[in-house]
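These are the residues of each chain, in order.
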Amino acid sequence: MFGGGGMNPRKMKQMMKQMGIDVEELDAERVVIETADGDDLVFDGAQVTKMDAQGQETYQIVGSPDSVADAGGGGGAASAVEGDADPALDDAADADDSDDGIPEEDVKLVAQQAGVSKEAAREALEAANGEPARAISDLQ
């Protein structure tokens, strides 16, 4: 009997905690899902649950959505695509913003994975001939 149809909610929560699953209720007022076809789904007053199982976050939305042409966030599907294009261009511009030719994305990755500053990460990448895996390994 998996499903917990008649199981005590407290016992279910305890079992999930033992399995390393953390469940948290979020106090969401509004949830908007922007779809590619332009008909956005808007959940007002929905019940939102966040579940973290071994580092993988899952969100569950319970409620009845309204389908709207534009939820007001990005001006429709065309604007959402245009809005996504600008950060991509910014990332491309930032990718080689230093004289050493090391992409900023690699610097951020090494800094995050090794737990060091961006300056230390850049130095490690220079020493590792721009190879992020080697730089992270050298820093650890």
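Structure first, text after, so check above.
Cut-off values and rules
Residues numbered from 1 in each chain as written. Predicted model: local features only at pLDDT ≥ 70, side-chain atom pairs only at ≥ 80, totals over all residues. Heavy atoms only, no water. Axes fitted to C-alpha atoms, helices over the stretch in contact; angles between N-to-C directions. Helix = DSSP H or I, 4+ residues; strand = E, 2+ residues; numbered from the N terminus. Left-handed = near helix turned anticlockwise from the far one by under 90°. Contact = heavy atoms within 4.5 Å. Nonpolar A, V, L, I, M, F, W, Y, C, P; charged D, E, K, R; others polar. Pairing = 2+ DSSP bridges.

Peer 1: Looking at this structure, how should I read the packing of helix 4 (residues 118-127) against helix 5 (residues 132-139)?
Peer 2: At a closest axis distance of 8 Å, the pairing of helix 4 and helix 5 adopts a crossing angle of 115 degrees. Between helix 4 and helix 5 lies a crossing whose hand is right-handed. On helix 5, the residues touching Ala-121, Ala-124, Leu-125 and Ala-127 of helix 4 are Pro-132, Arg-134, Ala-135 and Leu-139. Looking at the contact of helix 4 with helix 5 residue by residue, the class counts come to seven nonpolar, no polar and one charged.

Peer 1: Looking at this model, I keep getting lost on the sheet that holds strand 5 (residues 56-62). Mind explaining?
Peer 2: As a general point, the strands of a sheet are linked pairwise by backbone hydrogen bonds and lie either parallel or antiparallel. The strand order across the open sheet formed by three strands is 1-4-5, and the pairing between neighbours is antiparallel. The open sheet has two edge strands with one neighbour each: strand 1 (21-26) and strand 5. With direction set aside, neighbouring strand axes in the sheet form an average angle of 20 degrees. The sheet contact formed by strand 4 (residues 47-53) and strand 5 spans seven bridges and is antiparallel. Across the sheet, Thr-49 pairs through a bridge with Gln-60, a residue of strand 5.

Peer 1: What's the story with the environment of Ala-53 in this structure? I'm lost.
Peer 2: Topologically, Ala-53 is positioned in strand 4. C-alpha separation for the pair Ala-53 and Asp-22, spaced 31 residues apart in sequence, amounts to 6.4 Å. Once residues within four sequence positions are removed from consideration, Ala-53 is found in contact with Gly-20 and Ile-21.

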